[in-house]
Amino acid sequence: MGQLIAIVGRPNVGKSTLFNRLTESRTAIVDETAGTTRDRQYGHVDWNGREFSIVDTGGWVVNSDDIFEGEINKQVHLAIEQADEILFVVDAMNGVTDLDDHVAEILRKSKKPVILVANKVDSNDWLYNVPEFYALGLGDPYPISAINGFGTGDLLDEVVRELPEPTEDDADQHLDNIPRFAIVGRPNAGKSSIINSFIGEDRNIVTDIAGTTRDSIYTRYNKFGFDFYLVDTAGIRKKTKVNEDIEYYSVIRSIRAIEASDVCILMIDATRGIEAQDVSIFSLIQRNKKGLVVCVNKWDLVKDKSEVAIKHFENTIRERFAPFTDFPIIFGSALTKQRIYKVLETAVEVYHNRCRTVPTSQLNTVMREAIDAYPPPANKGKYIKIKYITMLKGAPIPTFIFFCNLPQWVKEPYRRYLENKIRENWDFSGTPINVYMREK
């Protein structure tokens, strides 16, 4: 990946705050708790006509009580290897620490350009502490305050000056119009594992501990002719079980990831079956009118894999998710990679179904037959006549307009009948459909 800047440093020096400041977003979770950031979080920066990517990393720690220490440090190493330039963030309030020395030693060995950033210079009084960081042997420290923006303009000028010139391959790195597939589900359903299996590397930290993932992590996938973003999200639990501020913000970001996605891949744990929280997450996807693919993960741990068992599992899911039942269900395993690429192929098909258009002439020919076979029920002696059908162009999901004389008398059961007839004749599997009645 070209034009990439990595933000590294020990815990609680303000790396995520700086990431949010430079990307002009609130993507990374910021909290006073050390070790809040775990996975690598990528963002985009535009400064004076130069565009580049930036990656936030977890705080570098050694010999700590944090059970995620080894995985976080591995993610930091990966970010350093990928980066063209490194922002080494230190805390001007606390001065040089042993961990700062340790990180500085790693960065010197990396042979990458390093810019030393002395953060938390929230007032001029803290400027007197900045010269202390010359002891790290990494050049001039840049005093900044990520929380109020002091010095960040000068820092970006230096970042851009040190960056290599962009190549043709980098010119198309940032595309906002490509599909976004959000991986959602309860905690420990295998969301991070399946993304790691998709891309063939340990992109996200995976443990048996519920709540490992906190930020919503975007990963570009452009293999095998595909091109889309995969979004790993934090597990969504019942509100009554969310008792930490960090988890609350993680869930909020998961919900925002659903809102910003095109298709949601809902992960269900095969060893636990369909539960009330799965239905709640499905309802969230439905309310936001997103495409849906259901992936029953951990299928390798299920003993009974017969066709009868699969059919029973499918029927149970569709019954719980009714009345919307036209969505694909795939049984697989992120650990053994069983049928995981089928999940991607199906998600792409659902995205294409969302974008499908039906010619007006064809729509009227087919639907007129269905309406004549079962016309709308009369109401108070008044007969409803549907005269014309069209598909709305440019709508976020397939939207059909039925023009009739008395639209207010068309009830929900008949709307559902029309939707079912549309699904019978055209492939809209996995995507919701809007059916509107308008007066002609």
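Just so we're clear, the structure is a prediction, and the values are computed from it rather than from any experiment. (Residues numbered from 1 in each chain as written. Predicted model: local features only at pLDDT ≥ 70, side-chain atom pairs only at ≥ 80, totals over all residues. Heavy atoms only, no water.)

Participant: Would you take a moment to explain the nonpolar core for this structure?
Facilitator: Taken as a class, soluble globular proteins show a tendency for nonpolar side chains to be buried jointly. Formed by 28 residues in total, the largest nonpolar core has its most connected members in Leu266, Val294, Val296, Ile317 and Phe321. Taken together, the elements giving at least two residues each to this core come down to strand 7 (180-185), helix 6 (245-260), strand 10 (263-269), helix 7 (276-287), strand 11 (291-297), helix 8 (307-321) and strand 12 (329-331). The dominant element in this core, judged by the number of residues it contributes, is helix 7, at 5 residues. Not counting chain neighbours up to four residues away, the residues in contact with Leu266 comprise Val184, Gly185, Asp278, Ile281, Phe282, Ile285, Leu292, Val293, Val294, Cys295 and Phe321. In terms of nonpolar packing, the next biggest core, distinct from the first, is built from 26 residues, Val55, Trp60, Val130 and Leu136 among them. (Core = buried A, V, L, I, M, F, W, Y, C linked by side-chain atoms within 4.5 Å. Buried < 20%, exposed > 50% of the residue type's maximum accessible area, 1.4 Å probe, protein only. Helix = DSSP H or I, 4+ residues; strand = E, 2+ residues; numbered from the N terminus. Contact = heavy atoms within 4.5 Å.)

Participant: Looking at this model, I keep getting lost on the sheet that holds strand 15 (residues 434-439). Mind explaining?
Facilitator: Hydrogen bonding along the main chain pairs the strands of a sheet, whether they run parallel or antiparallel. Read across the open sheet, the 3 strands follow the order 13-14-15; overall the sheet is mixed. The open sheet has two edge strands with one neighbour each: strand 13 (386-391) and strand 15. Across this sheet, the average inter-strand angle for adjacent strands is 25 degrees, counted without regard to direction. Strand direction decides the pairing type here: strand 13 and strand 14 (residues 399-404), joined by 5 bridges, are antiparallel. Among the inter-strand pairings, Tyr388 is bridged to a residue of strand 14, identified as Phe403. Each of strand 13 and strand 14 touches helix 10 (residues 360-373); the most contacted strand, strand 13, lies at about 140 degrees to it. Along the sheet face, helix 11 (residues 412-425) touches strand 13, strand 14 and strand 15 and points at about 120 degrees away from the line of strand 15. (Pairing = 2+ DSSP bridges. Axes fitted to C-alpha atoms, helices over the stretch in contact; angles between N-to-C directions.)

Participant: It is not clear to me how the environment of Ala257 should be interpreted in this structure. Could you clarify?
Facilitator: Looking at the element boundaries, Ala257 is found in helix 6. For Ala257, a relative accessible area of 3% translates into the label buried.

Participant: For this particular structure, what's the right way to read the pattern of salt bridges?
Facilitator: Pairing is possible between side chains of opposite charge, provided their charged atoms come close. On inspection of all chains with the given rule, the structure shows 13 salt bridges. Here Arg423 makes a salt bridge to Glu419, at a shortest N to O gap of 3.1 Å. Of this pair, Arg423 and Glu419 are both found in helix 11, 4 residues apart, which corresponds to roughly one turn of the helix. On the basis of relative accessible area, Glu419 is assigned to the buried category, the value being 19%. Linked through salt bridges whose partners overlap, the residues forming this network are Arg186, Arg272, Glu275 and Asp278. (Salt bridge = Lys/Arg side-chain N within 4 Å of Asp/Glu carboxyl O.)

Participant: I keep staring at the pairing of strand 14 and nothing clicks. Help me out?
Facilitator: Regular strands place their side chains on alternate faces of the sheet. Among the 6 residues that make up strand 14, 5 are buried, leaving the element largely enclosed by the rest of the structure. For strand 14 and strand 15, the ladder comprises 6 bridges, and the chain directions are parallel. Counted as the bridge partner of Phe400 is Val435 from strand 15. Since strand 14 and strand 15 lie parallel, the crossover through helix 11 that links them has a hand, and here it is right-handed. (Right-handed = clockwise from strand over helix to strand, strands pointing away.)

Participant: Looking at this structure, I do not really get the packing of aromatic side chains. What am I missing?
Facilitator: Where two aromatic rings form a pair, the distance of their centres and the angle of their planes describe that pair. If you walk through the whole model with that rule in mind, you get 16 aromatic pairs. A centroid spacing of 6.1 Å and a plane angle of 35 degrees characterise the contact between Tyr388 and Phe403, whose relative ring orientation is tilted. Residue Tyr388 is located in strand 13, and its partner Phe403 is located in strand 14; the two are separated by 15 residues in the primary sequence. On the basis of relative accessible area, Tyr388 is assigned to the partly exposed category, the value being 34%. Among the residues examined, Phe403 registers a relative accessible area of 22% and is labelled partly exposed. Ring plane angle 35 degrees and centroid distance 5.4 Å describe the contact between Tyr414 and Tyr417, whose orientation is recorded as tilted. Placement of the pair is Tyr414 and Tyr417 together in helix 11, with a separation of 3 residues, close to one helical turn. Overall, the relative accessible area of 17% leaves Tyr417 in the buried class. (Phe/Tyr/Trp six-rings, centres within 6.5 Å; stacked < 30°, edge-to-face > 60°.)

Participant: Sorry, what's going on with unusual backbone geometry here?
Facilitator: It is generally the case that most residues other than glycine have a negative phi and that most peptide bonds are trans. The amide bond that connects Ala322 to the next residue, Pro323, takes the cis arrangement and shows omega of 10 degrees. Note on placement: Pro323 falls in the loop between helix 8 and strand 12. We note that Lys111 has phi near 60 degrees; this positive angle belongs to a residue other than glycine. Within the secondary structure layout, Lys111 lies in the loop between helix 3 (98-110) and strand 5 (114-119). The phi torsion at Arg339 lies on the positive side, around 60 degrees, for a residue other than glycine. Here Arg339 shows up in the loop between strand 12 and helix 9 (340-354). Relative accessible area serves as the criterion here: at 40%, Arg339 is assigned to the partly exposed category.

Participant: I would appreciate a short explanation of the side chain of Asn353 in the present structure.
Facilitator: Structurally, Asn353 is set in helix 9. Looking at Asn353, its side chain comes within polar contact range of the main-chain oxygen of Ser429, at 3.0 Å. Beyond its immediate sequence surroundings of up to four residues, Asn353 is in contact with Pro398, Asp427, Phe428, Ser429 and Thr431. (Polar contact = N/O pair within 3.5 Å; in protein donor to acceptor, adjacent residues only side chain to side chain.)

Participant: What should I look at first to understand the packing of helix 10 against helix 11 in this one?
Facilitator: When two helices pack together, their arrangement is given by the angle between their axes and by how far apart the axes lie. At a minimum axis distance of 11 Å, the contact between helix 10 and helix 11 shows a crossing angle of 135 degrees. It follows from the interaxial angle that helix 10 and helix 11 lie oblique. Crossing handedness for the pair helix 10 and helix 11: right-handed. Together, Val366, Met367, Ala370 and Ile371 of helix 10 and Tyr414, Tyr417, Leu418, Lys421, Ile422 and Asn425 of helix 11 make up the contact between the two elements. Each residue belonging to the contact of helix 10 with helix 11 can be placed in one class, and the counts come to 8 nonpolar, 1 polar and 1 charged. (Parallel < 35°, antiparallel > 145°, perpendicular 65-115°, else oblique. Left-handed = near helix turned anticlockwise from the far one by under 90°. Nonpolar A, V, L, I, M, F, W, Y, C, P; charged D, E, K, R; others polar.)

Participant: What is the right way to look at the environment of Asn420 in this model?
Facilitator: Topologically, Asn420 is positioned in helix 11. Under the relative-accessibility criterion, Asn420 is labelled partly exposed at 40%. Placed 94 residues apart in sequence, Asn420 and Asp326 show a C-alpha to C-alpha distance of 9.3 Å.

Participant: Hey, could you run me through the pairing of strand 1 (residues 4-8) in this one?
Facilitator: Judged by how many residues are buried, strand 1 sits mostly within the fold: 5 of 5 residues are covered. Burial along strand 1 is two-sided: Leu4, Ala6 and Val8 facing one way and Ile5 and Ile7 facing the other are all buried. Where strand 1 and strand 3 (residues 50-56) come together, 4 bridges link them in parallel fashion. Looking at strand 3, one finds that Ile7 is bridged to Asp56. In this structure, strand 1 lies alongside strand 4 (residues 85-91), joined through 4 bridges in parallel fashion. Looking at strand 4, one finds that Ala6 is bridged to Ile86.

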